[in-house]
Amino acid sequence: MLRLVSKQKRIVSLKSQLTASAAVVNTNNRSFTSSNNNSTTTRNIATPFNAQINTKSTLLNQIDRSSTIKRYYAAKPVEITMPALSPSMETGNIAKWVKKEGDQIKQGDILAQIETDKATMDFEYEDNGYLAKILLPDGSKGIAINTPIAILVKNKEDIASAKEYKVGAPATEAPKAAPAAEAPKAAQPASKPKSTKTYPPHKVVGMPALSPSMETGTIAGWSKKVGDQIKQGDILAQIETDKATMDFEYEDNGYLAKILVPTKTSGIAINQPICVLANKKEDVDKFADFSVEQESAAEAPAAAQETSATTAAAPSQSTGAPAATQQSGSRIFASPAAKVAAASKGFDLSAIAGTGPNSRILKADVLEFTPSTKPSAATGAPAAAKPTVATPGSSAAYTDIPHTNVRKVTASRLTQSKQTIPHYYLTMECRVDKMMKVRKELNAQLKYSISLNDFIIKAAAAALRDNPTVNSTWMDDAIRRYHNVDINVAVNTEHGLFTPIIRDADKRGLGSIALGVKELAAKAQNKQLTPAEFETGTFTISNLGMFGIKTFSAVINPPQAAILAVGTTEQRLVPSTNPDSPFETATILSVTLSCDHRVVDGAVGAEWLKSFKSYVEDPLKLLL
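Per an unreviewed UniProt entry, the protein chain goes by Acetyltransferase component of pyruvate dehydrogenase complex and derives from Polysphondylium violaceum. Per UniProt, the comment on the protein chain under Sequence similarities (unreviewed entry) is "Belongs to the 2-oxoacid dehydrogenase family." Per its UniProt entry, the protein chain bears the Subcellular location (unreviewed entry) comment "Mitochondrion".

Written out as C-alpha cells, the structure reads:
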C-alpha cells in the first residue's frame, strides 16, 4: 500500500511537469509567430517541443494504466476456513498441508489433508488463486468448523502484501458506518490494560477430546509438575471423561512451564487451555505470571476494539430489546444434537449461550437453557413478577451433590432418547428350567462361573443374527443395518451407569462371553474403560433381576434401535405334561423389549422375542 501511495505522488508530480512544459511550448509558438510569419519555420521549431510532449503524454498514459492495474490487484484476501467434511464433524485436525505458501491453487486442487471424527480426508478447494499464508500449521488439532486456516489471494502479486493480513481485521474498502450520534467517550466502559509483555516460544495445551462423545473433561490429576521435561508420548495428566478416567499422552517435546487448571477442576470444555509448555528449560520461570487473558489481550486488540464499539453504539438505540446472547444476523454455531433438542423444545438458538469450543452451542446448553419472559416493548409495562418458588425451610437439611461428567452425559443422552425416539414395549415370559440345568452342569466343570446373564447375551446375539432388522439404527437418509453383533451390557457403578461392549457376541462361546463381561465390569467399576470398550454397540441389555425387579421398561440407548430389559426369575405352578401330576413347578423369566418404531415394526419386534425365547428355553440351539 505504501508503494502505491508513493507511485501516485510521482504521477501527480509528472503531470504537473507536463502541464508546465506544454505552457512553455504554447508561449514560444505564439511569440515566434508574431515576430515572423513564416509558417514553415514555426512548424520546424515547434516540432521538438511537440515530440517531447507526445512522448511524455504516452508515458503518462502508460503510468495511468499501470496504476489502474495496481489498484485492481489490491483486492481483499480470502479467508479459507476449516470445512465440514462429514455430517457429524464439529472440529478437525490438519494432518498435512499439500500446498505450500506461494503455490497456485486451481479449482479442485487438494489443499490439505483434514483428519475428521471418522477418517483423514482430502480438502479440495473450489476456487482459483494463490496460497498466500498458512495460519495453522501441520498437526494443528481441535479446529472448529469455519475457523480460518489459510489466506488466498487472486493474484500472485498480492502474496507479499497478504503476509501482514490479520484474521478478523476489517476490510480496507469497507465504508465506515456513520454514527447516529457522537457518543461521549466517558460512556464507553473502561477496557482492561493490554499486556505488552512478550513470552519466549511456547505452546498452550488445550483440553483434549479423548472420546467421541466427550464435550467437557475433569483434571483428575497432573502426572507432571512445573519444570518437568515432557517427551513425546509422556503422560501429562489423567483426564476424567464422560465414561472413564484416561491418560493424556502428549505428542510433542518441551518443559511444563505453568499449569493453568488445577487438579479436580471439572467442566473444562474441549480445547480450553490447561497448561503451557516452554521450548527451553531456562524459559520456564518467565511464565510465572502467564495467563490466557494476558495473551489474548496482547494478540487480539482488534477484538477488544470491536467489543467496545458495539457497547458504545447501544445507547444510540431509542427502544432496544435486551441484548441477545448471539449477535443478531450472525451465524450461529451449534452441534447437530443441540439443533434437534432446540427444535423439539421450540427454543431460539440465538438466545442460548454456547459453552463449547469457540462458543459453540452444545446439547447440554439447550437442556439447561431456561427461556426468560420478556416484557412488551410497545406498552413499556414493567416486567411481570416471577412466580414464588417454594424453598426448603431453614430447618430442612440437604446436600447438593455436583453433577459428574458421567451423570451429565447419561442425563443428556437419555433425555434425547425419550424426546426423539418413538418407544414401544413388548413383554414376554420364558421358561428357563433347561437353561438353569445346563448352567449348573457347566459351572460344576469350569473354574469360573457362567451367569444367567451370559446365557441371555448369547441368546440375544443369536436372535439378532436371525432378525437383523433389530440390529440397526435410524439415520436421516437411511436405516443402517449392522453386519456385526456388538452388545452393550449395562453396568451400574458408584460413578454412574456404564455400558461396556461384548463385541461379536454371536461368534463367541459362553465362556468367552462370561470372562469378557467380568473383565469389562471390573474396568467400569474402576473407571478404566477405554472408548473402544463402551462406544458404538448395536444392541443393549439391562438386567435388574438381581434386585428382585419382575418387569421394567428400559430407555433405548441412542443411536440403537432396541434394548432388552431383563427381570428376575420366579417359581410358578404350571400345567404338567406328566399324567401322574396335574401341576409342576416352572422357573419363569420376564423380559421386555423396547423398540424404536421408526426402525422396528411391532411384528418384527415380536419375531425377535419369539426367536429369543426359543434359544432361552432350549439352550442347546446356541451350539448350532
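Read on, since the account is not over.
S.K.: Explain the overall build of the protein chain to me, please; I cannot follow it from the model alone.
M.R.: The helix and strand tally for the protein chain stands at 12 helices and 26 strands. Put simply, the protein chain has 624 residues, and 35% of those count as buried. Expressed as a percentage of contacts within the protein chain between residues at least 6 apart in sequence, the contacts between residues at least 24 apart total 65%. Approximately 36400 Å² of the protein chain is accessible, and the part contributed by carbon and sulfur atoms is 54%.

S.K.: What exactly am I supposed to notice about the sheet that holds strand β11 (residues 229-230) here?
M.R.: As a general point, the strands of a sheet are linked pairwise by backbone hydrogen bonds and lie either parallel or antiparallel. Taken in spatial order, the 4 strands of this open sheet run β9-β16-β14-β11, and their pairing is antiparallel. With one partner strand each, in any of the chains shown, β9 (202-206) and β11 form the two edges of the open sheet.

S.K.: Mind showing me how you'd approach the packing of helix α10 (residues 452-466) against helix α11 (residues 510-525) here?
M.R.: To describe two helices that pack against each other, one gives the angle between their axes and the distance between the axes. Two elements in contact, α10 and α11, have axes separated by 9 Å at closest approach and are oriented at 120°. Our pair here, α10 against α11, has a crossing hand that is right-handed. Across the interface between the two elements, D454, F455, I457 and K458 of α10 pack against L510, I513, A514 and V517 of α11. Of the residues contributing to the contact of α10 with α11, the split by class is 6 nonpolar, no polar and 2 charged.

S.K.: It is not clear to me how the side chain of D506 should be interpreted in this structure. Could you clarify?
M.R.: Examined against the element boundaries, D506 turns out to sit in the loop between β23 (501-502) and α11. Of the buried charged residues, D506 lacks a salt bridge, with R465 as the closest side chain of opposite charge at 4.9 Å. Setting aside residues no more than four positions away along its own chain, D506 makes contact with K458, A461, R465 and V485.

S.K.: What's the story with the pattern of salt bridges in this structure? I'm lost.
M.R.: Pairing of side chains with opposite charge becomes possible as their charged atoms draw close. Following the criterion strictly, the structure yields 16 salt bridges and no others. Here K225 and D228 are joined by a salt bridge, their closest N and O atoms 3.5 Å apart. For the salt bridge of E617 with K613, the shortest nitrogen-to-oxygen distance reads 3.9 Å. Here K613 and E617 lie together in helix α12 (residues 602-617), a separation of 4 residues that amounts to about one turn. Since its relative accessible area comes to 26%, K613 is described here as partly exposed.

S.K.: Just checking my understanding: could you explain the nonpolar core for this structure?
M.R.: Side chains of nonpolar character tend, in soluble globular proteins, to be buried together. Core analysis: the biggest nonpolar cluster contains 71 residues, and I274, I487, F539, I541, L564, W608 and F612 have the highest contact counts within it. Ranked by residue count, the leading element in this core is α10, at 10 residues. Look past the residues within four positions of F612 in its chain and what remains in contact with it is C430, I456, A459, A460, A463, L564 and V591. Of all hydrophobic cores here, the second largest spans 17 residues; its members include M82, W97, I145 and A150.

S.K.: When you look at the sheet that holds β23 in this model, what are you seeing that I'm missing?
M.R.: Pairing is mixed in the open sheet, where 6 strands are placed in the order β17-β26-β25-β24-β20-β23. A single partner strand is all that each edge strand has here, and the edge strands are β17 (423-431) and β23. Across the face of the sheet, α12 comes into contact with β17, β24 (539-543), β25 (562-575) and β26 (583-596) while running at roughly 25° to β17.

S.K.: Teacher, can you tell me more about the side chain of H423 here?
M.R.: Residue placement: H423 occurs in strand β17. Accessibility expressed as a relative area gives 17% for H423, which makes it buried. Only 2.9 Å separates the side chain of H423 from the backbone oxygen of I421, close enough to count as a polar contact. Polar contacts involving the side chain of H423 include one to the main-chain amide nitrogen of I556, which spans 3.2 Å. Not counting the four nearest positions on each side in its chain, H423 is found in contact with S417, K418, A554, V555, I556 and C595.

S.K.: Explain the packing of aromatic side chains to me, please; I cannot follow it from the model alone.
M.R.: Within a pair of aromatic rings, the relevant descriptors are the distance that separates the centres and the angle that separates the planes. Under the defined criterion, the tally for this structure stands at 8 aromatic pairs. Between F123 and Y125, the aromatic rings sit 6.2 Å apart at their centres with planes inclined by 85°, giving edge-to-face as the arrangement. For the pair F123 and Y125, a shared accessibility class is recorded, and that class is buried. Ring geometry for W608 against F612: centres 5.4 Å apart, planes inclined by 10°, an arrangement best described as stacked. Of the two residues, W608 and F612 both sit in helix α12, 4 residues apart, roughly one turn of that helix. In this structure, W608 and F612 share a single accessibility class: buried. Three or more aromatic residues joined by ring pairs form one cluster here, namely Y199, F287 and F290.

S.K.: Just checking my understanding: could you explain the environment of K163 for this structure?
M.R.: By the element assignment, K163 lies in the loop between α3 (159-162) and β9. Among the residues examined, K163 registers a relative accessible area of 31% and is labelled partly exposed. Spatially, the C-alpha atoms of K163 and I134 are 9.3 Å apart, while their sequence positions differ by 29 residues.

S.K.: I would appreciate a short explanation of the pairing of β24 in the present structure.
M.R.: The two faces of the sheet receive side chains in turn, since in a regular strand these alternate between them. Counting buried positions over the 5 residues of β24 gives 5, a clear majority of the element. By the alternation rule, side chains of β24 split into F539, I541 and N543 and T540 and S542, which are all buried. When strand β20 (residues 487-489) meets β24, the two strands line up parallel, connected through 3 bridges. Note on β24: the bridge partner recorded for N488 is T540. Across 4 bridges, the pairing between β24 and β25 is parallel. Looking at the pairing, T540 lines up with I563 of β25.

S.K.: Just checking my understanding: could you explain the environment of I274 for this structure?
M.R.: By secondary structure assignment, the location of I274 is in strand β16 (residues 273-278). For the pair I274 and I259, spaced 15 residues apart in the sequence, the C-alpha separation amounts to 6.4 Å. Apart from the residues lying within four places of it in its own chain, the contact partners of I274 are V205, G206, M207, I219, W222, F248, I259, L260, V261 and I268.

S.K.: Even after reading the chapter, I still don't get the environment of E240, so can you show me in this structure?
M.R.: Note that E240 resides in strand β12 (residues 235-240). In this structure E240 comes out as buried when scored by relative accessible area, which is 16%. Spatially, the C-alpha atoms of E240 and S266 are 8.6 Å apart, while their sequence positions differ by 26 residues. Ignoring sequence-local partners within four residues, the contact set of E240 consists of G217, T218, A220, T245, N405 and K527.

The rules behind these values
- Residues numbered from 1 in each chain as written.
- Predicted model: local features only at pLDDT ≥ 70, side-chain atom pairs only at ≥ 80, totals over all residues.
- Heavy atoms only, no water.
- UniProt positions renumbered as here; feature names shortened; annotations may be inferred.
- Helix = DSSP H or I, 4+ residues; strand = E, 2+ residues; numbered from the N terminus.
- Buried < 20%, exposed > 50% of the residue type's maximum accessible area, 1.4 Å probe, protein only.
- Contact = heavy atoms within 4.5 Å.
- Areas by Shrake-Rupley, 256 points an atom, 1.4 Å probe, with all protein chains shown as cover.
- Pairing = 2+ DSSP bridges.
- Axes fitted to C-alpha atoms, helices over the stretch in contact; angles between N-to-C directions.
- Left-handed = near helix turned anticlockwise from the far one by under 90°.
- Nonpolar A, V, L, I, M, F, W, Y, C, P; charged D, E, K, R; others polar.
- Lys, Arg positive; Asp, Glu negative; His and termini not counted.
- Salt bridge = Lys/Arg side-chain N within 4 Å of Asp/Glu carboxyl O.
- Core = buried A, V, L, I, M, F, W, Y, C linked by side-chain atoms within 4.5 Å.
- Polar contact = N/O pair within 3.5 Å; in protein donor to acceptor, adjacent residues only side chain to side chain.
- Phe/Tyr/Trp six-rings, centres within 6.5 Å; stacked < 30°, edge-to-face > 60°.

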